[in-house]
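The residues making up each chain are set out below.
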Amino acid sequence: MADAVELEAAGRKVRLSSPGKVFFPERGFTKRDLAEYYIAVGPGILRALRNRPTTLERYPDGVTGESFFQKRAPKNMPDWIPTAHITFPSGRSADEMCPTEVAAVVWAAQYGTLTFHPWPVRRDDVDRPDELRIDLDPQPGTDYGDAVRAAHELREVLHEYGDLRGFPKTSGGRGLHVFVPIEPRWTFTQVRRAAIAVGRELERRMPEQVTTAWWKEERGEKIFVDYNQTARDRTIASAYSVRPRSHAPVSAPLTWDEVPDAVPRDFDLATMPARFAQLGDVHADMDEHAYSLEALLELASRDEHDHGLGDLPYPPEYPKMPGEPKRVQPSRARNKKENGPTTP
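Throughout what follows, the structure given in this document is the object of discussion. Keep in mind that this is a model prediction, so the values were computed, not measured. (Residues numbered from 1 in each chain as written. Predicted model: local features only at pLDDT ≥ 70, side-chain atom pairs only at ≥ 80, totals over all residues. Heavy atoms only, no water.)

1. What to know about the overall build of the protein chain
Okay, so step 1: The helix and strand inventory of the protein chain stands at eight helices and 14 strands.
Okay, so step 2: Taking 20 Å as the expected radius of gyration for a compact globule of 344 residues, we find that the protein chain reaches 21 Å, a close match to that expectation.
Okay, so step 3: Its C-alpha atoms give the protein chain principal-axis dimensions of about 65 × 55 × 40 Å.
Okay, so step 4: A fraction of 68% describes how many contacts in the protein chain between residues 6 or more apart in sequence connect residues 24 or more apart.
Okay, so step 5: Total accessible area computed for the protein chain in this model is approximately 15,500 Å², and 47% of it derives from carbon and sulfur atoms.
Okay, so step 6: Distance between charge centres in the protein chain, computed from 47 positive and 53 negative side chains, equals 5 Å. (Helix = DSSP H or I, 4+ residues; strand = E, 2+ residues; numbered from the N terminus. Rg over C-alpha atoms; globule rule 2.2 N^0.38 Å. Contact = heavy atoms within 4.5 Å. Areas by Shrake-Rupley, 256 points an atom, 1.4 Å probe, with all protein chains shown as cover. Lys, Arg positive; Asp, Glu negative; His and termini not counted. Charge placed at Lys NZ, Arg CZ, Asp CG, Glu CD.)

2. Focus on the packing of helix α4 (residues 144–160) against helix α5 (residues 188–205)
For any two helices packed against each other, the geometry comes down to the angle between their axes and how far apart the axes lie.
Okay, so step 1: Where α4 meets α5, the closest approach of the two axes is 10 Å, and the angle between their N-to-C directions is 120°. Classified by the angle their axes make, α4 and α5 are oblique. As α4 runs across α5, the sense of the crossing is right-handed. On the side of α4, the interface is formed by A150, E153, L154, E156, V157, L158 and E160, while α5 contributes V198, E201, L202 and R205. (Axes fitted to C-alpha atoms, helices over the stretch in contact; angles between N-to-C directions. Parallel < 35°, antiparallel > 145°, perpendicular 65-115°, else oblique. Left-handed = near helix turned anticlockwise from the far one by under 90°.)

3. Concerning the packing of aromatic side chains
Okay, so step 1: Using the criterion set out here, one finds nine aromatic pairs in the structure.
Okay, so step 2: Ring pairs connect the aromatic residues Y37, Y38 and F116, which therefore count as one cluster.
Okay, so step 3: Over the ring of W80 we find R12, and its NZ or CZ is 4.1 Å from the ring centre.
Okay, so step 4: Lying over the aromatic face of F224, R219 brings its terminal NZ or CZ to 3.7 Å of the ring centre. (Phe/Tyr/Trp six-rings, centres within 6.5 Å; stacked < 30°, edge-to-face > 60°. Lys NZ or Arg CZ within 6 Å of the ring centre and 35° of its normal.)

4. Re the sheet that holds strand β12 (residues 176–181)
Okay, so step 1: Strands sit in the order β11-β12-β10-β14-β13 across an open sheet of five strands; the sheet is mixed. In this open sheet, the two edge strands, each paired with only one partner strand, are β11 (167–170) and β13 (210–211).
Okay, so step 2: Of the strand pairs in this sheet, strand β10 (residues 131–138) and strand β14 (residues 223–225) are connected by three bridges, and their pairing is antiparallel. Looking at β14, one finds that L136 is bridged to V225.
Okay, so step 3: The sheet contacts of α5 involve β10, β13 and β14, and relative to β10 the element is tilted by about 40°. (Pairing = 2+ DSSP bridges.)

5. Quick notes on the environment of D311
Okay, so step 1: Tracing the chain through its elements places D311 in the loop between α7 (294–307) and α8 (330–339).
Okay, so step 2: Remark: the alpha-carbon pair of D311 and P207, spanning 104 residues in sequence, is separated by 19 Å.
Okay, so step 3: For D311, the residues in contact, after removing those within four places along its chain, are R192, I196, R200, P322, G323, E324 and P325.
Okay, so step 4: Within the structure, the side chain of D311 is placed 2.7 Å from the side chain of R192, a separation counted as a polar contact. (Polar contact = N/O pair within 3.5 Å; in protein donor to acceptor, adjacent residues only side chain to side chain.)

6. Side note on the pattern of salt bridges
Okay, so step 1: The tally for this structure, following the rule as stated, stands at 26 salt bridges.
Okay, so step 2: As a salt-bridge pair, R122 and D287 come within 3.1 Å of each other at their nearest N and O atoms. With a gap of 165 residues between them, R122 in the loop between β9 (113–118) and β10 and D287 in the loop between α6 (272–279) and α7 connect regions that are remote in the sequence.
Okay, so step 3: A relative accessible area of 41% means that D287 is categorised as partly exposed.
Okay, so step 4: Residue R327 pairs with E324 through a salt bridge whose shortest N-O separation is 2.7 Å.
Okay, so step 5: The class for R327 is partly exposed, based on a relative accessible area of 25%.
Okay, so step 6: By sharing partners, the salt bridges in this structure join R52, R122, D130, E131, R133 and D287 into a single network. (Salt bridge = Lys/Arg side-chain N within 4 Å of Asp/Glu carboxyl O. Buried < 20%, exposed > 50% of the residue type's maximum accessible area, 1.4 Å probe, protein only.)

7. Comments concerning the pairing of β12
Okay, so step 1: Burial within β12 is extensive, with six of its six residues counted as buried.
Okay, so step 2: The side-chain alternation of β12 yields two buried faces, one formed by L176, V178 and V180 and the other by H177, F179 and P181.
Okay, so step 3: Across six bridges, the pairing between β10 and β12 is antiparallel. Residue pairing across strands places L136 opposite L176, the latter belonging to β12.
Okay, so step 4: In this structure, β11 lies alongside β12, joined through four bridges in antiparallel fashion.

8. With respect to unusual backbone geometry
Okay, so step 1: A positive phi angle is found at A10, which is not glycine, with a value near 50°.
Okay, so step 2: A positive phi angle, close to 75°, is found at D233, a residue other than glycine.
Okay, so step 3: For D233, the location among the structural elements is in the loop between β14 and α6.
Okay, so step 4: By relative accessible area, which is 17% here, D233 ends up buried.

9. Considerations on the packing of helix α1 (residues 31–40) against helix α3 (residues 102–110)
Okay, so step 1: It is at 9 Å that the axes of α1 and α3 come closest, and there the two elements cross at 165°. Accordingly, the angle class assigned to the pair α1 and α3 is roughly antiparallel. Where α1 crosses over α3, the handedness of that crossing is right-handed. Facing α1, whose interface residues are K31, L34, A35, Y38 and I39, α3 presents V102, V105, V106, A109 and Q110.
Okay, so step 2: Across the contact of α1 with α3, the residue classes tally to eight nonpolar, one polar and one charged. (Nonpolar A, V, L, I, M, F, W, Y, C, P; charged D, E, K, R; others polar.)

Have a look at this one:
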């Protein structure tokens, strides 16, 4: 195994140690394969990450080894990679790396970063998202085909409420993500409110197929619209990110025409470079758009005033938020009501 090599990424050289280290034993993909993949799809992954505070999902010993999420910029990060100061729901803060060139992605791959998790903000305004992200998450008993059906109805909802254009991509698993570029005018709380409105409208139209129920015991065999992926410090794997599964799948941007017939497993570390060489980044024009959330926020207001549909639970690590319902699992609440408090 060679000690190190130098790779060129869009004009900058990046040192790669132990390039032959196997990261995906099932496929035989090495650290060098990972780095060269990110060079091959460089314009695409950079479009998805540029100037965004980014959390690194690292597997230093490959996909079968230990892993961790690195939010704070590594101390050994080169000074040519900028950072942004972001604040977590706990009130604590950190400086996160903000890629501005492909070499930053390759540098992170050198340290075992498989997946990049960008915030939906840019470093010049870290409190106002410029993307509305909808996560269509198949629950047990459902699959990609169910997510596709939900995605097509979602496309209609977005069109009807503000003439919004969504950009679909595979999750790298069974699900679908749809990103909508928006004007950076609203807070995280307001963008999350818009996501909840989208989910509820989709649920009304497809009650047997879609749910916004936060508690797993209430979801059933449906597609869960994970509205909390729009909460502060919650992120979704970027387009072109490699996912930590044995066959090295990637999160693949799609055109809407491709969505019905796509096979998520077909998009991986080996196949995506050829697709990218042929088609380029099919979401290349995403940054040319910035839509308004006003129609969705009006829908949220109608849900609240006309139907009594207020906020929904936040993730467990969040502080109690204003207007949030009780954050207690429904079955536990029922047991406590029926049986009374337990004696210590």
